[in-house]
Amino acid sequence: MRKKIIAGNWKMNMTPSEAKALAELLIPLVKGTKNEVVFCVPAIDVTTVVKAVKGTKIQVGGENIYFEDKGAYTGETSADMLLDAGAKYVILGHSERREYFKETDEDINKKVLKALEKGLTPILCCGESLTQREQGITIDWIRMQIKIALQGVTAEQAQKMVIAYEPIWAIGTGKTASTEQAEEVCRAIRVLIRELYGQKTANAIRIQYGGSVNAKNAAELFSQPDIDGGLVGGASLKADFGAVATA
Ligand code: PGA
């Protein structure tokens, strides 16, 4: 049985002092859940949040890395920096990074390989725009994004990964994909993983749904056979995350 994983994506919110307060608010609310809980936080907040969750089962993740080990890349964060600060996960290929920071599928593939090489677990994001959904190419698009992102990734590495299906039109819009839409794409992702790596890897990899997940819709979404939890933006910044993480 796959353990469900609920990750908060704090995005560019929370100064270190706000991050400490939010972590302290959420810790008692997620206590006792059977799910794995991750706070993915701005790089500047990682140390503070790692300290705050010490002694709990909550894990901490970053929201991005650069694919080089170190050097003259002003403003970037390396995998080693996140790891040394105590992060275990990293969100890669979020649609906001693809759109605003022009990350390509090839960049994301390099970042996935670097994270895996260093021992950070990638939460790899994929998702279609509203136009692509209306054009009927959702599954083709998602398959392409994942196939490129996983170039050079072994079955053993893929088994540990998390893939987050996040339809762009559902992110931050309050328009959640229907349970059927979310399950259909998450199932198609698992089928692709089986084609690429075989049944064992398809059974092990965890696939999240993301896009306006909230305290009301989380339980139904996460009860689907191919949805192993969620990547949660807006609702991860408030007490609602307690209900989402324990759904
Ligand atoms: P949202 O964001 O829950 O606010 O829609 C999800 C995400 O971007 O990961």
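Rules behind the numbers
- Residues numbered from 1 in each chain as written.
- Predicted model: local features only at pLDDT ≥ 70, side-chain atom pairs only at ≥ 80, totals over all residues.
- Heavy atoms only, no water.
- Helix = DSSP H or I, 4+ residues; strand = E, 2+ residues; numbered from the N terminus.
- Polar contact = N/O pair within 3.5 Å; in protein donor to acceptor, adjacent residues only side chain to side chain.
- Contact = heavy atoms within 4.5 Å.
- Near = heavy atom within 4 Å.
- Areas by Shrake-Rupley, 256 points an atom, 1.4 Å probe, with all protein chains shown as cover.
- Nonpolar A, V, L, I, M, F, W, Y, C, P; charged D, E, K, R; others polar.
- 1 Å grid on protein atoms, 1.4 Å probe; cavity = no way out; pocket = protein on both sides within 12 Å on 5 of 7 lines; lining within 4 Å.
- Points joined across faces, edges and corners; volume = space filled by probe spheres on them.
- Expected span 1.5 Å × (residues − 1).
- Axes fitted to C-alpha atoms, helices over the stretch in contact; angles between N-to-C directions.
- Parallel < 35°, antiparallel > 145°, perpendicular 65-115°, else oblique.
- Pairing = 2+ DSSP bridges.
- Buried < 20%, exposed > 50% of the residue type's maximum accessible area, 1.4 Å probe, protein only.
- Left-handed = near helix turned anticlockwise from the far one by under 90°.

### Notes on the side chain of Lys111
With respect to the helices and strands, the residue Lys111 is situated in helix H5 (residues 105–118). At 2.8 Å, the side chain of Lys111 forms a polar contact with the side chain of Glu103. Those residues in contact with Lys111 that sit more than four places away from it in its chain are Asn64, Ile65, Tyr66, Phe67, Leu92 and Glu103.

### What about the site of the ligand?
For the ligand, the set of nearby residues contains 13 residues, the closest of which are Lys11, His94, Glu166, Gly172 and Ser212. Measuring from an oxygen atom of the ligand, one finds a side-chain N or O atom of Lys11 at 2.8 Å. Computed on the free molecule, the ligand has an accessible area of 280 Å², of which 95% lies beneath the protein chains in the complex. Among the residues making up the shell around the ligand, the classes are represented as 4 nonpolar, 7 polar and 2 charged.

### Quick notes on the layout of surface pockets
The volume enclosed by the largest pocket comes to roughly 520 Å³. Surrounding the largest pocket, 20 residues form its lining, Met12, Glu63, Asn64, Arg97 and Phe101 being those nearest its centre. Considering every element that reaches the lining of the largest pocket, the biggest residue donor is helix H4 (residues 95–100), with 3 residues. In terms of residue class, the lining of the largest pocket is built from 9 nonpolar, 6 polar and 5 charged.

### Looking at helix H1 (residues 16–30)
With 15 residues, H1 should cover 21 Å at 1.5 Å per step; its first-to-last C-alpha distance of 21 Å lies within 8% of that length. On its buried side, H1 packs onto strand S2 (36–40), helix H2 (46–53) and helix H12 (240–245). The positive-phi residue at the C-terminal boundary of H1 is Gly32, with phi of around 85°.

### Observations regarding unusual backbone geometry
Of note in this structure, Lys11 is not a glycine but carries a positive phi near 55°. Relative to the helices and strands, Lys11 resides in the loop between strand S1 (5–9) and H1. In this structure, Lys102 is a non-glycine residue whose phi angle is positive, near 55°. For Lys102, the location among the structural elements is in the loop between H4 and H5.

### A short note on the packing of H5 against helix H7 (residues 138–149)
Where H5 meets H7, the closest approach of the two axes is 8 Å, and the angle between their N-to-C directions is 45°. The orientation of H5 relative to H7 falls into the category oblique. Here H5 contributes Asp105, Glu106, Ile108, Asn109 and Val112 to the contact with H7, which in turn contributes Met144, Gln145, Ile148 and Ala149. Looking at side-chain class alone, the contact of H5 with H7 contains 5 nonpolar, 2 polar and 2 charged residues.

### Some details on the sheet that holds strand S8 (residues 229–232)
In a beta sheet, neighbouring strands are held together by backbone hydrogen bonds and run either parallel or antiparallel to one another. What the 8 strands build is a closed barrel, ordered S1-S2-S3-S4-S5-S6-S7-S8; its pairing is parallel. Put simply, the sheet's adjacent strands are angled 25° from each other on average, direction ignored. Both strand S5 (residues 121–126) and strand S6 (residues 162–165) contribute to a ladder of 4 bridges, which runs parallel. Looking across to S6, one finds that Cys125 is bridged to Ala164. Contacts between H2 and the sheet are confined to S2 and strand S3 (59–62), with S3 contributing the most and set at about 170° to the helix.

### Overview of the pairing of S5
Along any regular strand the residues' side chains alternate between the sheet's two faces. Burial analysis of S5 places 6 of its 6 residues in the buried class, the great majority of the element. A two-sided burial pattern is seen for S5, the buried positions comprising Thr121, Ile123 and Cys125 on one face and Pro122, Leu124 and Cys126 on the other. Direction of pairing for strand S4 (residues 89–92) relative to S5: parallel, over a ladder of 4 bridges. The residue of S5 that forms the bridge with Leu92 is Leu124.

### Considering the packing of H7 against helix H9 (residues 179–197)
The geometry of H7 relative to H9 is characterised by a closest axis approach of 10 Å and an angle of 45° between their N-to-C directions. As judged from the angle between their axes, H7 and H9 are oblique. Of the two possible hands of crossing, H7 and H9 adopt the one that is right-handed. Every residue of H9 that contacts H7 at Thr138, Ile139, Ile142, Arg143, Ile146 and Lys147 is listed here: Glu184, Val185, Ala188, Ile189, Leu192, Ile193, Glu195 and Leu196.

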